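Residue-level listing of the chains:
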Amino acid sequence: QVQLVESGGGLVQAGGSLRLSCAASGSIFSIKAMGWYRQAPGKQRELVATITSGGVTNYANSVKGRFTISRDDGKNTVYLQMNTLKTENTAVYYCRADSLLDGKYPNIYWGQGTQVTVSS
């Protein structure tokens, strides 16, 4: 089992920055990749950024150059640094962990979400 807790969301003006944090606990060493997804009202949940256990990152085209995903293994935490925020970035941001328990049993875990609101 993996538990994920997001923090760092809030209200920010367009052009500003926020850093989201996702702290993982439980079967931490089973995690193969983590990522950030977001869901705006009336929209499907979409990928924002992912990072594998090997450090390979992937970003949605809309956030490339503005958002950076990183991890701190010592703190079991993944971050999403969001710069030059736009109003269209307003959404609930969810942390996701992809685990493979004992190298055989895949599972996906989600955090509770944190609201990011970008004002004009």
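Residues numbered from 1 in each chain as written. Predicted model: local features only at pLDDT ≥ 70, side-chain atom pairs only at ≥ 80, totals over all residues. Heavy atoms only, no water.

## Notes on the layout of surface pockets
Which entries qualify depends on this criterion: Whether a set of points on the 1 Å grid over the protein atoms alone is a cavity depends on a 1.4 Å probe fitting there but being unable to get out, while an open set qualifies as a pocket with protein on both sides within 12 Å along at least five of seven lines; lining residues are those with an atom within 4 Å of a point. Grid points are joined across faces, edges and corners, and a volume is the space filled by probe spheres set on the points. Only runs of H or I of at least four residues qualify as helices and only runs of E of at least two qualify as strands under DSSP, and these elements are numbered from the N terminus. Classification convention: Asp, Glu, Lys, Arg as charged; Ala, Val, Leu, Ile, Met, Phe, Trp, Tyr, Cys, Pro as nonpolar; all other residues, Gly among them, as polar.
Empty space within the largest pocket amounts to approximately 290 Å³. What lines the largest pocket is a set of 16 residues, and nearest its centre among them are Ile28, Ile31, Met34, Arg71 and Asp73. Counting residues per element, the ones that place at least two in the lining of the largest pocket are β4 (31-39), β5 (46-52), β7 (67-72) and β8 (77-82). Considering every element that reaches the lining of the largest pocket, the biggest residue donor is β4, with four residues. A class-by-class count of the residues in the lining of the largest pocket yields eight nonpolar, four polar and four charged.

## A few points about the pattern of salt bridges
The cut-off we apply is this: Definition used for salt bridges: Asp or Glu carboxyl oxygen within 4 Å of a side-chain nitrogen of Lys or Arg. Per-residue accessibility, obtained with a 1.4 Å probe over protein chains only, is compared with the maximum for each type, and a residue is labelled buried under 20%, exposed over 50%, and partly exposed between these values.
Enumeration according to the criterion identifies three salt bridges in this entry. Linking Asp73 and Arg71 is a salt bridge whose minimum nitrogen-to-oxygen distance equals 3.0 Å. Asp73 sits in the exposed class, given a relative accessible area of 53%. Judged by relative accessible area, which is 33%, Arg71 ranks as partly exposed. Here Asp98 makes a salt bridge to Arg96, at a shortest N to O gap of 2.8 Å. Overall, Asp98 belongs to the partly exposed group, its relative accessible area being 24%.

Purely spatial values, then, with no claim about function.
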